[in-house]
Amino acid sequence: MRPMNISNHIQDLLYRYECVVLPGFGAFLSQKQSAYIDENSKEFYPPNKVISFNRQLIKNDGLLANYVADVESVKYNTANNMIQEFVYDLENSLQNDAKAELANIGKFYLDQEDKLQFDPFSEINFLTQSFGLASYKTAPIQREVYKKQVEELEEKTPLLFTPERRRSSFLKYAAIGLIALGVSSFAGLNIYSSQVSKHNIAEQQEAESKLQEQIQQATFVIDNPLPAVTFEVEKQSGDYHIVAGAFRVEENAQKKVDELREDGHKARLIGANKYGLHQVVYSSHQSRREAINKLYEVKRSNEAAWLLVQEL
C-alpha cells in the first residue's frame, strides 16, 4: 500500500468519529454545524461537519492503526509503520515546500512565523445525515408585485380576486342580511332567550350537586393515602463511549463487563459492531469533554482503550 492512501482512511473515519489522531503529527477534529444562509450570496447550505486540526493531540489512540490493519489485512505493527512513513512524507513536504495536502480533507502550510496552519476543504460533507444535500441559491418572494398584477386584472373584469375587495363586498351584503334578520326575528328571540335561561339554571344546579359528591370522594381518598414507593434506577446515556474492547464471543464480553464493574467502572455491553464483535465500554457520557477525561484516566491501565462516538 502506498503511504498516501492513509489520507483515504482518515477520510473514511471522519464520517464516523469526531476525533481522528494521526500519531506523531496531530488530530483531525469535526464539529457539527447547523444549516445556514449566506446573507451576501443568498445561498443556502445544509448541515455539515466543520473539520479542524489540533497539533497537540499526537498520542496514538489505536483508532487509525486498527482501521488500517483491518481494511488492508495487515498486522497492527505493520499498519503503524505505514502511518509513520506517511507522517514522514508529510513532514518532508512541509520542510521542502512549506505546504502539504491531504485529498478531500485539507491542506497544511507554514506561515511567516513558521507555524503550521490548516485550511479544510469544503467539497465533501462528512455529516452522514446530510448525504445527497447540496447548497443552492435562494430568490426573494415577490408578493407585492404579484398583488399589483392581480389588482390590474380586476380593473378589466367584474370578478373580485384580492382578499381586501372580497372582504369589503362580503361585509356589505352581510350587513344588509343581518338588518333584515334582526327585524323579523326580534320577538322570537325574546321567547327563545327566556327558555334558554331556565334550562341553564337547571343544568347549573345539577352540576353543583355532582361537584359536591366528587369533592367528598376526593377528601376521603386524600385522608387515606397509600405509602409512596421510590425506585432508584441508574441509567447511562450519551453518545460518547469509552471502549474497553471488542469480543467475538459474547460470553467473554460479559466476563469483561463483570471484571470492570468489580474495579468500580460503570461497564456495559452496547451491542455488536458491523464486524460482529461485541463491544464493551467503561462508561458512556453526554459530552465529549467528559469522555476525553475518562479516556485519559483508563489509558493508564489499558492503552488500547479508545473513544467511540455513536448514537445508541
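Whatever comes next refers back to the structure up there.
Owing to the predicted nature of the structure, the values given are computational and were not obtained by experimental measurement.

Analysis parameters
Residues numbered from 1 in each chain as written. Predicted model: local features only at pLDDT ≥ 70, side-chain atom pairs only at ≥ 80, totals over all residues. Heavy atoms only, no water. Helix = DSSP H or I, 4+ residues; strand = E, 2+ residues; numbered from the N terminus. Buried < 20%, exposed > 50% of the residue type's maximum accessible area, 1.4 Å probe, protein only. Contact = heavy atoms within 4.5 Å. Salt bridge = Lys/Arg side-chain N within 4 Å of Asp/Glu carboxyl O. 1 Å grid on protein atoms, 1.4 Å probe; cavity = no way out; pocket = protein on both sides within 12 Å on 5 of 7 lines; lining within 4 Å. Points joined across faces, edges and corners; volume = space filled by probe spheres on them. Domains from an automatic or database assignment. Pairing = 2+ DSSP bridges. Axes fitted to C-alpha atoms, helices over the stretch in contact; angles between N-to-C directions.

**Student:** Break down the overall build of the protein for me, with residues and values.
**Tutor:** Of the regular secondary structure elements, the protein holds 7 helices and 13 strands. Looking at the protein as a whole, 29% of its 312 residues qualify as buried. Considering only residue pairs separated by 6 or more positions, the protein has 58% of its internal contacts joining residues 24 or more positions apart.

**Student:** Go over the pattern of salt bridges, please, and point to the residues and values.
**Tutor:** For the structure shown, the criterion picks out 5 salt bridges. Where Arg288 meets Glu18, a salt bridge forms, and the shortest distance between an N and an O atom there is 3.9 Å. Of this pair, Arg288 sits in helix H7 (residues 288-298) while Glu18 sits in the loop between helix H1 (6-14) and strand S1 (19-22); the two residues are 270 residues apart in sequence, bridging distant segments of the chain. On the basis of relative accessible area, Arg288 is assigned to the partly exposed category, the value being 22%. In this structure, Glu259 and Lys256 form a salt bridge, with 3.9 Å as the shortest nitrogen-oxygen distance. In this pair, Glu259 and Lys256 are both assigned in helix H6 (residues 250-262), 3 residues apart and thus about one turn of the helix distant.

**Student:** Tell me about the layout of surface pockets, and please be specific about residues and values.
**Tutor:** Considering only enclosed or pocket space, the largest pocket measures out at about 1,100 Å³ in volume. Along its surface, the largest pocket is lined by 38 residues, and Arg16, Tyr17, Leu63, Trp306 and Leu308 are the ones closest to its centre. Within the residue set of the lining of the largest pocket, elements represented by two or more residues are helix H2 (63-72), strand S10 (240-247) and strand S13 (306-309). Two domains each provide a minimum of three residues to the lining of the largest pocket, namely domain 1 (6-130) and domain 2 (240-309).

**Student:** Would you mind going over H1 in detail, with residue names and values included?
**Tutor:** For H1, the tally of buried residues reaches 7 of 9 residues, placing the bulk of the element in the interior. By the burial criterion, the buried members of H1 are Ile6, Ser7, His9, Ile10, Gln11, Leu13 and Leu14. Structurally, H1 contributes buried residues whose contacts are with S1, strand S2 (26-33), strand S5 (48-54), H2, helix H3 (76-97) and strand S6 (99-102).

**Student:** Mind laying out the sheet that holds S2, listing which residues take part and the relevant values?
**Tutor:** With antiparallel pairing, the 3 strands of this open sheet are ordered in space as S1-S2-S5. Strand pairing shows two members of the sheet lacking a second neighbour, S1 and S5, which therefore form its edges. Strand-to-strand twist across the sheet, computed as the mean angle between neighbouring axes with direction ignored, equals 20°. Sheet topology note: the S1/S2 ladder contains 4 bridges and is antiparallel. Looking at S2, one finds that Val20 is bridged to Phe28. Along the sheet face, H1 touches S1, S2 and S5 and points at about 160° away from the line of S1.

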